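# Structural characterization, general
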Amino acid sequence: MDAGAAKYLEDNVGGVLAKALAEMAKVQPKDGVDFLSKWLAQYAEQEEAKTVKEQVEQDLAKMRAQTREKREEKEAARQKKLAETQKLETMYSSLLEKFNNEETIFEDKFWQELVDVAQATAGASAVYIGVMEQGEEGSEITGPHLSYEYATKGSEWLTEKVLLAGKGVTWGALTENPPEENFQEMCLWKPPSVEPVVEVEEGADPPEQKPSSPYYPVSVECVTDVEKMHYFDMTRLGAFLAIPLVYQSYYNGDAYADAKTFEEEKKAEAIRRAEEETARQAAIDAGEDVPDAGDPPEEKQLVMRGTDVKMVLCLDTLGTNTAFEESNAVKILELVKACGQCKSKTEFKQVDNQVLIVIDDALRTEVDEQVLECADHVEQGFMEQLEAEQAEAEDELKKELIQKKFAFLKALQVAKEMHELIGGLTNWVYTTSDVMNVVAALAYFAGYKKAEIYPRRKSTMDWQKLKTLLNQPLVLLEKVVKKEVEGPRKDVLPEHLHSFILQLASPAEMDAEKAKAISPAFQLIYNLVQAGCAYRNADLELRKAEFNKQREEAGEEYAGPALEDLDDDFKEPA
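Keep in mind the model is a prediction, meaning the values are calculated, not measured. (Residues numbered from 1 in each chain as written. Predicted model: local features only at pLDDT ≥ 70, side-chain atom pairs only at ≥ 80, totals over all residues. Heavy atoms only, no water.)

### A closer look at the pattern of salt bridges
To be explicit about the condition: Criterion for a salt bridge: a side-chain nitrogen of Lys or Arg within 4 Å of a carboxyl oxygen of Asp or Glu. Runs of H or I in DSSP of at least four residues are treated as helices and runs of E of at least two as strands, each being numbered from the N terminus. Each residue is assigned to one of three classes by its accessible area relative to the maximum for its type, calculated with a 1.4 Å probe on protein chains only: buried under 20%, partly exposed between the two thresholds, exposed over 50%.
Applying the stated criterion to the full structure yields 30 salt bridges. Residue E107 is joined to K109 by a salt bridge in which the shortest nitrogen-to-oxygen separation is 3.9 Å. A salt bridge links K405 to E389; its shortest N-O distance comes to 3.0 Å. Taken together, the residues K405 in helix α7 (residues 396-417) and E389 in helix α6 (residues 361-392) connect sequence positions 16 residues apart. The class of E389 is partly exposed, set by a relative accessible area of 24%. Where salt bridges share partners, they join R489, R536, D539, R543, D567 and D569 into one cluster.

In structure tokens form, the structure reads like this:
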């Protein structure tokens, strides 16, 4: 036997045969071959059983590991879902708490928060807010319509859309006190009451019923089942929900007048009572018999006349073919209700605060003195230069132009030095159309375009939009600084024509004193735009006189352009 064969036998059966022979030598059976064969068979069975046992143990260990892994995955998924649920609940409760907090001052960014939280709470594909507006004559859209102003990420294109009256089902949510028999046709949903049930003791009067909302949500479980459903995009399967958001707005003249009358009467009453108390104390000091002052009269509560602002929060699950859970819809309904109340309360406070500042005589006196001091300082700075230029002027029209130029430069410098006072006008929440016209006139004078001043799709100004130009008053004033007031101007936009700006800047019966009575800050704007218009007018008069002189000297030989061809401001207003 060669070495290779010997090694093979040693490696494969050597150890086993050694154990078998050792056992046989110990037992010394009569039939060694039989013993050896049985021992080897038993050994093979034991080894096979050992192998099977090890495999079983491995399989069990693997199964336990897989079971543990699945359990851990399931727990991780549960924890993840719980965390997501808690996150959604936190988002919802935080926003609801903010809306319900009496100290919260509503900000425009809250509208976007509302649509984002509503989307997360309901699991909607898209959420968007529509505002009911009345299109004015001459505007892009006439008649009542819904203008979508806020939308969730991915649905921003909806803010370019409008829904005309009578289109779709959304208008049902803004229908006041709809008849019960029309609910099904209008796809209206009557939500379950969320008010706690109050137990009434026997013999006691039942609690006063709270008035129910005159508006109801629109709910469509499957949009393709409703024929009159309106689509802005392709038809897709899913649900639709439109929740009315109607609140009282106090950004109007009636509310401002109510607040001003109330606060002025309250102020006068406080002065009267203070004077009576002073007289009473004087009588007591003089030894007179004075009756008790008595209890103060019950304090009146401020009441303002509001106007309804009608909005609607729309949610859909288009493309997912899923319905909204009623419990989530009820939560969003409560969130929308709290949002409207927060907005209304904020406007109420803001109007009253504006009135309190306006009627603060001490503050008004202090500001008037600051403006007067600034104007005197600026005038002294320009005096020498004004006198020098006027001394070089050859005729009265030129002197007039120089005078108007320096009046404009002085008004501009005063406005720049008092820019923080002008910026304070952004705290106003209401003002008259006359004030808006003057502010808009200054913006046009500075070169702003109509689209930057008017709200989109509207032909009337809105103070909330217009006052954004005063957020950084120095930016506006620097545009005025760069304005070329003198010289010809061609291809001018209609809103930049001198005649248009002058008319806008000169409301009937408005003058500097009346502007000052409205607000010292507004007077700065009024004075500046008036000075700018006067400066431009003086330039036009001078150039017109020079043109007439030139044409008169040339007589019939004059072959130059007509006056109106030299400058758009010489053209007759359309």
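Still more ground to cover, so stick around.
### What to know about the sheet that holds strand β5 (residues 240-249)
Formally: Here, a strand pair is defined by DSSP locating no fewer than two bridges between the strands. For helices, the fitted axis covers only the stretch in contact; all axes are lines through C-alpha atoms, and the angles between them, taken along N-to-C directions, range from 0 to 180 degrees. Two residues form a contact once any of their heavy atoms are found within 4.5 Å.
The strand order across the open sheet formed by six strands is β3-β2-β1-β6-β5-β4, and the pairing between neighbours is antiparallel. Each edge of the open sheet carries a strand with a single partner, namely β3 (162-164) and β4 (218-220). Taking each pair of neighbouring strands and ignoring which way they run, the sheet shows an average axis angle of 25°. Both strand β2 (residues 143-151) and β3 contribute to a ladder of three bridges, which runs antiparallel. What sits directly across from L146, in β3, is L163. Packed onto the sheet, helix α3 (residues 109-122) meets β1 (126-135), β2, β5 and β6 (307-316) and runs at close to 135° relative to β1. Across the sheet, helix α5 (residues 326-358) is in contact with β5 and β6; its angle to β5 comes to roughly 20°.

### Digging into unusual backbone geometry
The phi dihedral of N177 is positive, around 45°, even though this residue is not glycine. Topologically, N177 is positioned in the loop between β3 and β4. Residue N177 is classed as exposed on the basis of its relative accessible area of 55%. The phi dihedral of C187 is positive, around 60°, even though this residue is not glycine.

### Some remarks on the pairing of β6
Counted residue by residue, β6 has seven buried out of 10 residues, so it is predominantly covered. Examined bridge by bridge, β1 and β6 share six bridges and lie antiparallel to one another. Bridging from a neighbouring strand, A126 pairs with D316 of β6. Where β5 meets β6, 10 bridges bridge the pair, whose relative direction is antiparallel. Paired with A242 across the two strands is C314, which belongs to β6.

### Focus on a nonpolar patch on the surface
Applicable threshold: Only residues whose relative accessible area exceeds 30% and that take part in no salt bridge are eligible for patches, with like-charged residues grouped when within 9 Å of each other and nonpolar side chains (Val, Leu, Ile, Met, Phe, Trp, Tyr) grouped when within 5 Å. Where accessible areas are quoted, they stem from the Shrake-Rupley method and a 1.4 Å probe; at the residue level, only the protein chains shown are allowed to cover.
Together, V52, V56, L60 and M63 line one region of the surface with nonpolar side chains, adding up to about 330 Å² of accessible area. Among the secondary structure elements, L60 is positioned in helix α2 (residues 32-100). A relative accessible area of 37% places L60 in the partly exposed class.

### Section: the confidence of the model for the protein chain
Put simply, the rule reads: Known as pLDDT, the predictor's per-residue confidence is scaled from 0 to 100.
The predicted model of the protein chain has a mean per-residue pLDDT of 90, with 96% of residues at 70 or higher. Confidence, read as mean pLDDT per element, is least for helix α1 (residues 3-27) in the protein chain (76) and greatest for β5 (97).

### What about the packing of aromatic side chains?
Convention followed: Each Phe, Tyr or Trp ring (for Trp, its six-membered ring) is paired with any other whose centre lies within 6.5 Å, and the angle between the two planes then decides the class: stacked below 30 degrees, edge-to-face above 60, tilted in between. We call a charge positioned over a ring when the NZ of a Lys or the CZ of an Arg lies within 6 Å of the ring centre and within 35 degrees of the ring normal.
Per the counting criterion, the structure on display carries 18 aromatic pairs. Judged by centre distance (6.0 Å) and plane angle (75°), the ring pair of F382 and F406 falls under edge-to-face. Of this pair, F382 sits in helix α6 while F406 sits in helix α7, and the two are 24 residues apart along the sequence. Relative accessible area serves as the criterion here: at 17%, F382 is assigned to the buried category. Clustering of aromatic rings is evident, with ring pairs tying together F99, F106, F110, W111, Y150 and Y247. Here the basic side chain of K331 rests over the ring of Y92, its NZ or CZ set 4.6 Å away from the ring centre. For K450, the ring lying beneath its charged end belongs to Y454, and the centroid distance is 5.1 Å.

### As for the environment of S506
Note the following rule: Counted as a polar contact is a pair of N or O atoms within 3.5 Å, where, for protein atoms, one must be capable of donating a hydrogen and the other of accepting one, and residues adjacent in sequence contribute only when both atoms are in side chains.
With respect to the helices and strands, S506 occurs in the loop between α13 (498-505) and α14 (512-518). Expressed as a C-alpha distance, the spacing of S506 and Y526, which sit 20 residues apart in the sequence, is 8.8 Å. There is a polar contact of 3.2 Å between the side chain of S506 and the side chain of Q530.

### Section: the nonpolar core
Threshold: Nonpolar cores were defined as sets of buried Ala, Val, Leu, Ile, Met, Phe, Trp, Tyr and Cys residues, with membership established by side-chain atoms within 4.5 Å.
Ranked by internal contacts, the top residues of the largest apolar core, which has 59 residues, are F408, I453, L466, L470, I525, L528 and V529. Secondary structure elements with two or more residues in this core: α6, α7, α9 (433-446), α11 (463-466), α12 (473-481), α13 and α15 (520-554). It is α15 that contributes the most residues to this core, 12 residues altogether. Here L528 is in contact with F408, A411, L412, A415, L442 and L477, once residues within four sequence places are set aside. If you look at the next biggest cluster of nonpolar residues, it comprises 35 residues, including L95, F110, L114 and A329.

### Some thoughts on α2
Here is the rule we go by: Expected span of a helix, by definition, is 1.5 Å for each gap between consecutive residues, and there is one gap fewer than residues.
Between the first and last C-alpha of α2 there are 99 Å, a value that for 69 residues agrees with the 102 Å anticipated at 1.5 Å per step. Among the residues making up α2, those that are buried are F35, W39, Y92, L95, L96 and F99.

### A word on the side chain of E133
Here E133 lies in strand β1. You can call E133 buried: its relative accessible area is 15%. Not counting the four nearest positions on each side in its chain, E133 is found in contact with G143, P144, H145, S147, E149 and K458.

### Some words on helix α4 (residues 253-285)
An ideal rise of 1.5 Å per residue puts 48 Å on 33 residues; α4 measures up with 48 Å between its terminal C-alpha atoms. Listed as buried for α4 are A255, Y256, D258, A259, F262, E263 and A283. Packed against the buried residues of α4 are α5. Between the side-chain oxygen of the N-cap and the backbone nitrogen of D254 there are 3.1 Å, and the N-cap of α4 in question is N252. Downstream of α4 by one or two residues, G287 has phi in the positive range, about 85°.

### Examining a negative patch on the surface
Rule in force here: Just so you know, the count uses Lys and Arg for positive and Asp and Glu for negative, and it drops His and the chain ends. Charge positions are represented by NZ for Lys, CZ for Arg, CG for Asp and CD for Glu.
A cluster of acidic residues, E366, E369, E373 and D376, forms a negative patch on the protein surface. Take E366: it is sitting in helix α6.

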